[in-house]
Amino acid sequence: MSWDPAENPPRIVTGDDVRVAVEAVLTAWLPNVLAVLGGLETPKSHKAPTIDAARLDAAALPILVVAVAGLVSPPTRDQYGVYTGRFDTLVNFLLRSASGTYEDTARDVRRYAAAVRTVFIEHNDLDGYAVEVEVTAEKYDDADPKVARTLAEGQVTCVVTVADINRLGATFTDPTSAAHAVATETTVTVHPAIQVGATHG
């Protein structure tokens, strides 16, 4: 069966669209996975902190922020003209363990990363939005060693593949077409130049 653009409305997928889809799936399913692991709280915010992380109150943590860095490769086009894009996606989180010790915080940031990874494995199509989510890496770092090394951040990186990312639809007028030329035709009036002759005395 062929793909008919006349039956599909315009659609252009941005990195922000992908971010919103990832956030929605994590918001829906991450609490369940955290509950299975036990001892981990759900994110209090999906916005990056605007103050020094060292001064964050424990009540404001954990924080989970999704960012999309762009395409990892050029979009591909299938036989029906449908474009697919692969988006470089980062899930960053900042937390401090309930005990406040370095050992517990280091353990918890790794468990948090495992929870995020598990959501992507179990909901590999982002509940129907994506073709696939490929987890590519997990990273764990101490955010600030000055705070008794009890504040930690982690990151799960993945590639989100989304189909049909660039469809202009039947309503789009090709700027090179005759119809577009007629619709945008402009009449320009050119005034002849006035020559001023030199005056001879």
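Residues numbered from 1 in each chain as written. Predicted model: local features only at pLDDT ≥ 70, side-chain atom pairs only at ≥ 80, totals over all residues. Heavy atoms only, no water.

Moving on, we get to the confidence of the model for the protein. With 70% of its residues at a pLDDT of 70 or more, the protein shows a mean pLDDT of 81. Ranking the elements of the protein by mean pLDDT puts helix α3 (residues 178-183) last, at 52, and helix α1 (residues 15-37) first, at 96. The model gives residues 186-191 a pLDDT under 50, and that stretch makes zero contacts with residues more than four places away or in other chains. (pLDDT = per-residue confidence, 0-100. Helix = DSSP H or I, 4+ residues; strand = E, 2+ residues; numbered from the N terminus. Contact = heavy atoms within 4.5 Å.)

A few words now on the packing of aromatic side chains. In this structure the tally under the stated criterion is one aromatic pair. Ring geometry for Phe93 and Tyr112: centres 5.4 Å apart, planes at 35°, overall tilted. Residue Phe93 is found in strand β4 (residues 83-95), and its partner Tyr112 is found in helix α2 (residues 102-122); the two are separated by 19 residues along the sequence. A residue is classified by how much of its surface remains accessible, and Tyr112, at 1% relative accessible area, is buried. (Phe/Tyr/Trp six-rings, centres within 6.5 Å; stacked < 30°, edge-to-face > 60°. Buried < 20%, exposed > 50% of the residue type's maximum accessible area, 1.4 Å probe, protein only.)

Once that is clear, we can look at the packing of α1 against α2. Their axes nearest at 9 Å, the elements α1 and α2 cross at an angle of 125°. Relative to α2, α1 is oriented oblique. Of the two possible hands of crossing, α1 and α2 adopt the one that is right-handed. Here α1 contributes Val22, Val25, Leu26, Trp29, Leu30, Val33, Leu34 and Leu37 to the contact with α2, which in turn contributes Arg111, Tyr112, Ala115, Val116, Thr118, Val119 and Phe120. For the contact of α1 with α2, the class distribution of residues is 13 nonpolar, one polar and one charged. (Axes fitted to C-alpha atoms, helices over the stretch in contact; angles between N-to-C directions. Parallel < 35°, antiparallel > 145°, perpendicular 65-115°, else oblique. Left-handed = near helix turned anticlockwise from the far one by under 90°. Nonpolar A, V, L, I, M, F, W, Y, C, P; charged D, E, K, R; others polar.)

Glancing now at the pairing of strand β6 (residues 152-163). Where burial is concerned, most of β6 is hidden: ten out of the twelve residues are buried. Here twelve bridges tie β4 to β6, and the two strands are oriented antiparallel to one another. Note on β6: the bridge partner recorded for Asp88 is Val159. (Pairing = 2+ DSSP bridges.)

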